[in-house]
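# Coordinate analysis (summary)
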Amino acid sequence: MKHQFVIGLCSWLIMVCCWFCLWVISSYFILDHGLAVLFCPFALRLGVTLHSTKALWPVIYSAEIFLIIVLAAFLGPDQWVLILSASVVSIPLLWLASEHYYGSQWRRLCVMATLIFTTAIISGVIVAMKNGAFGMAVLTGISGGLMVVPACYLVWHYLFQSQWLPLTAKMARRPIRFYSRNLFFYSMLFLINIAIQLGLPEEMRRFAPFFLAVPIVLLAFRYGWRGAFLGTLLNSVALIAARSGDSRLVITDLLLSLSAQSLTGILLGAGIQQLRELNSELRRQLKRNRLLSQHLVTAEESVRRDIARELHDEIGQNITAIRMQAGLLKRLEKTPAVINSANMIESVSLNIYDTTKRLLTRLRPKALDDVGLKEAIEQLVWDLDCRASGIEVTIRWHAPTNIECALSDAMLVTVYRICQEALNNVIKYADASQVVMELTVEDTVCLTISDNGVGFDPSTAAGGFGLLGMSERVEALGGAFTVKSSGGDQCCGTQLFVSLPRTRVSV
């Protein structure tokens with residue numbers, strides 16, 4: 001109980017000090033003590049109350065009522081009662097707004113905007129009963145609300161919604177980074193803006209408001225709607241500093257400018273921030289899909305390896321047993337019919353063995369497990385009999401000797417499959433006499449395969465399963481796949497460029 005009393009008393013004193021300071025500043029700016037209450041003090045009460053628990057509302061409202069009564073002599077004999085009534089009438093509006101004030105930033109901004117405009121209109125109606133300045137009162141309330149209420153939201157967001165890291169010994173030893181460059185840049189921007197608002201000659205004065213958009217756009221691009229709001233506050237200071245008169249017309253024009261640039265800045269910043277959040281979500285989903293693709297490739301190769309091993313062990317042993325039985329049958333029974341049947345069994349068994357061997361090669365390049373990537377690619381060139389097709393293949397190897405330990409199995413298989421598919425394409429379509437395959441393993445794995453064949457138009461071959469399969473394999477591992485070729489008279493062969501991020505693949 002004592003603790004709550006101390007909190008309430010401190011809150012009351014802070015509210016009284018802030019409210020009174022803003023009233024003094026507003027009186028200097030508005031030149032009307034009554035309307036000055038509607039400008040920043042009422043907006044401060046709206047913002048603080050909206051972001052406080054209902055238990056603190058009596059403290060906030062009692063501070064405002066106390067000051068209105070104390071300042072009654074300055075506000076006028078009848079006007080202070082109207083202002084007090086406007087303050088009390090806002091309680092149910094705030095109660096209704098607080099019930100809907102949750103969720104996304106857009107929802108909160110909409111609730112804030114509705115509350116600001118509604119309370120400004122109601123306060124304007126009540127205060128206009130005395131002096132009839134309904135429009136001026138509404139404009140004053142809207143301008144103050146657009147300037148102060150979002151500021152309260154920013155303070156509340158950073159104090160109570162941001163996730164603060166716990167203070168540990170490691171964090172205490174970390175040096176504090178002071179972003180002096182940003183501070184210098186934004187300070188210079190602010191000073192230049194003031195100089196433009198004050199220093200432009202009279203004939204160019206109408207262009208001065210256009211410069212107000214510069215800090216808003218820059219800060220909105222950097223920090224979203226919060227930055228845009230900071231830019232509008234700086235612009236507000238510049239506009240107030242550039243006030244050239246004390247007439248009601250000048251003040252009205254200034255209030256309109258403040259409202260317009262505040263509203264424009266907040267909406268522009270909110271739009272930019274939403275786009276940035278969408279882009280961030282898109283990047284997060286893209287990264288998630290890429291990781292999922294990597295796991296799928298790894299799982300696919302694992303299943304292929306297991307199936308190939310099972311086929312090799314089971315089928316190979318069974319076929320060997322069948323051939324042994326057929327040979328035994330031929331030795332036991334010498335009749336032509338039995339010998340022909342045994343020979344037929346051996347022939348079919350050999351066909352099954354050859355078919356299974358080809359299937360095993362398609363499922364899993366066995367040479368990769370037996371001799372490693374480099375020797376497997378050399379074996380691939382030998383198996384495809386490139387020399388018999390008139391193709392001279394040169395392999396340039398810039399990789400560590402223990403490449404099988406440095407790269408994941410999925411990446412080894414991917415490099416091998418791309419070499420296999422590329423050589424098949426060269427043999428079938430390129431009509432080339434030379435092929436150069438170059439592999440470089442550093443921070444990234446770079447594979448280049450080039451030939452001096454007839455080339456082709458990549459735009460017409462984009463739908464081919466060979467190129468599409470290679471591209472999908474590379475993209476699944478987070479890499480880049482590029483084809484450079486041209487057919488016709490400008491033929492310069494075909495070059496495949498593959499780049500795979502070595503560190504992003506889980507081993």
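## Concerning the overall build of the chain
What the chain contains, in helices and strands, is 17 helices and five strands. A compact globule built from 507 residues would reach a C-alpha radius of gyration of about 23 Å, whereas the chain, at 39 Å, exceeds it by more than 25%. For the chain, the C-alpha atoms occupy an extent of roughly 135 × 65 × 45 Å along the three principal directions. Residues classed as buried in the chain amount to 40% of the 507 residues present. Partitioning the intrachain contacts of the chain with sequence separation of at least 6 by distance along the chain shows that 70% fall at a separation of at least 24. A total of about 28900 Å² of accessible surface is found on the chain, and carbon and sulfur atoms cover 64% of it. Distance between charge centroids for the chain: 9 Å, based on 44 positive and 38 negative side chains.

## Some thoughts on the packing of aromatic side chains
All told, the structure shown has six aromatic pairs when counted by the stated rule. When the ring of tyrosine 153 is compared with that of tryptophan 156, the centres are 5.8 Å apart and the planes differ by 35 degrees; the resulting orientation is tilted. Placement of both tyrosine 153 and tryptophan 156 in helix H7 (residues 134-161) is noted, with a separation of three residues, approximately one turn of the helix. Residue classification places tyrosine 153 among the buried positions, given a relative accessible area of 2%.

## Describing the sheet that holds strand E5 (residues 494-501)
With respect to topology, five strands assemble into an open sheet ordered E1-E2-E3-E5-E4, the strand pairing being mixed. Whereas interior strands pair on both sides, the edge strands pair on one side only; in this sheet they are strand E1 (392-398) and strand E4 (480-485). Recorded for the sheet is a direction-independent mean angle of 10 degrees between the axes of neighbouring strands. Direction of pairing for E4 relative to E5: antiparallel, over a ladder of six bridges. Considered in E5, the bridge of alanine 480 is made with serine 499. On the sheet, helix H14 (residues 373-383) packs against E1 and strand E2 (434-441) and is oriented at approximately 175 degrees with respect to E1.

## Focus: the environment of isoleucine 25
Take isoleucine 25: it is sitting in helix H1 (residues 2-30). Between the C-alpha atoms of isoleucine 25 and tryptophan 382, which are 357 residues apart in sequence, the distance is 88 Å.

## Comments concerning the packing of helix H3 (residues 57-70) against helix H5 (residues 79-99)
Packing of H3 against H5 brings their axes to within 10 Å, and their N-to-C directions diverge by 165 degrees. Considered as vectors, H3 and H5 are oriented roughly antiparallel to each other. Handedness of the H3/H5 crossing: right-handed. The segment H3 lies against H5, with Trp57, Tyr61, Glu64, Ile65, Ile68 and Ile69 engaging Trp80, Ile83, Leu84, Ser87, Ser90, Ile91, Leu94, Trp95 and Ser98. Classifying every residue of the contact of H3 with H5 by side-chain character gives 11 nonpolar, three polar and one charged.

## Examining the pattern of salt bridges
Within this structure, the stated rule accounts for seven salt bridges. Between arginine 284 and glutamate 281 there is a salt bridge, with the nearest N and O atoms lying 2.2 Å from each other. Taken together, the residues span about one helical turn, with arginine 284 and glutamate 281 both in helix H11 (residues 248-332) at a distance of three residues. Taking the relative accessible area as the measure of exposure, glutamate 281 reaches 31% and is therefore partly exposed. Two residues, glutamate 346 and lysine 330, come together in a salt bridge whose shortest N-O distance is 3.3 Å. Residue glutamate 346 is found in helix H12 (residues 336-363), and its partner lysine 330 is found in helix H11; the two are separated by 16 residues along the sequence. By relative accessible area, glutamate 346 is classed as buried at 19%.

## As for the nonpolar core
Ranked by internal contacts, the top residues of the largest apolar core, which has 64 residues, are Trp19, Phe39, Trp225 and Leu255. When residues of this core are traced back to their parent elements, those giving at least two are H1, helix H2 (33-50), H3, H5, helix H6 (105-131), H7, helix H10 (213-241) and H11. The dominant element in this core, judged by the number of residues it contributes, is H7, at 13 residues. With 44 residues, the next largest nonpolar core counts Ala367, Val381, Ile449 and Leu496 among its residues.

## Observations concerning the confidence of the model for the chain
Mean pLDDT over the chain works out to 82, with 95% of the residues at or above the 70 mark. Across the chain, element-level confidence peaks in E2 with a mean pLDDT of 91 and bottoms out in helix H8 (residues 169-173) with 71.

## Thoughts on a nonpolar patch on the surface
A grouping of Phe185, Met204, Phe207, Phe210, Phe211, Val214 and Leu218 is seen on the molecular surface, where their side chains present a nonpolar patch of about 650 Å² in accessible area. Here phenylalanine 207 is to be found in the loop between helix H9 (180-199) and H10. Among the residues examined, phenylalanine 207 registers a relative accessible area of 39% and is labelled partly exposed.

## Describing the pairing of E5
Look at any regular strand and the pattern is simple: side chains alternate between the two faces of the sheet. Within E5, six of the eight residues are buried, which leaves it mostly tucked inside the rest of the structure. Pairing geometry for strand E3 (residues 444-451) and E5, over eight bridges, is antiparallel. Its bridge partner being in E5, isoleucine 449 is matched across the sheet by leucine 496.

## A few points about the pairing of E2
Note that E1 and E2 share seven bridges and pair parallel. Bridge pairing in E2 links isoleucine 395 to methionine 437. Connecting E2 to the next strand, E3, in antiparallel fashion are two residues.

Conventions we followed
Residues numbered from 1 in each chain as written. Predicted model: local features only at pLDDT ≥ 70, side-chain atom pairs only at ≥ 80, totals over all residues. Heavy atoms only, no water. Helix = DSSP H or I, 4+ residues; strand = E, 2+ residues; numbered from the N terminus. Rg over C-alpha atoms; globule rule 2.2 N^0.38 Å. Buried < 20%, exposed > 50% of the residue type's maximum accessible area, 1.4 Å probe, protein only. Contact = heavy atoms within 4.5 Å. Areas by Shrake-Rupley, 256 points an atom, 1.4 Å probe, with all protein chains shown as cover. Lys, Arg positive; Asp, Glu negative; His and termini not counted. Charge placed at Lys NZ, Arg CZ, Asp CG, Glu CD. Phe/Tyr/Trp six-rings, centres within 6.5 Å; stacked < 30°, edge-to-face > 60°. Pairing = 2+ DSSP bridges. Axes fitted to C-alpha atoms, helices over the stretch in contact; angles between N-to-C directions. Parallel < 35°, antiparallel > 145°, perpendicular 65-115°, else oblique. Left-handed = near helix turned anticlockwise from the far one by under 90°. Nonpolar A, V, L, I, M, F, W, Y, C, P; charged D, E, K, R; others polar. Salt bridge = Lys/Arg side-chain N within 4 Å of Asp/Glu carboxyl O. Core = buried A, V, L, I, M, F, W, Y, C linked by side-chain atoms within 4.5 Å. pLDDT = per-residue confidence, 0-100. Patch = residues over 30% accessible without salt bridge, like charges linked within 9 Å, V, L, I, M, F, W, Y side chains within 5 Å.

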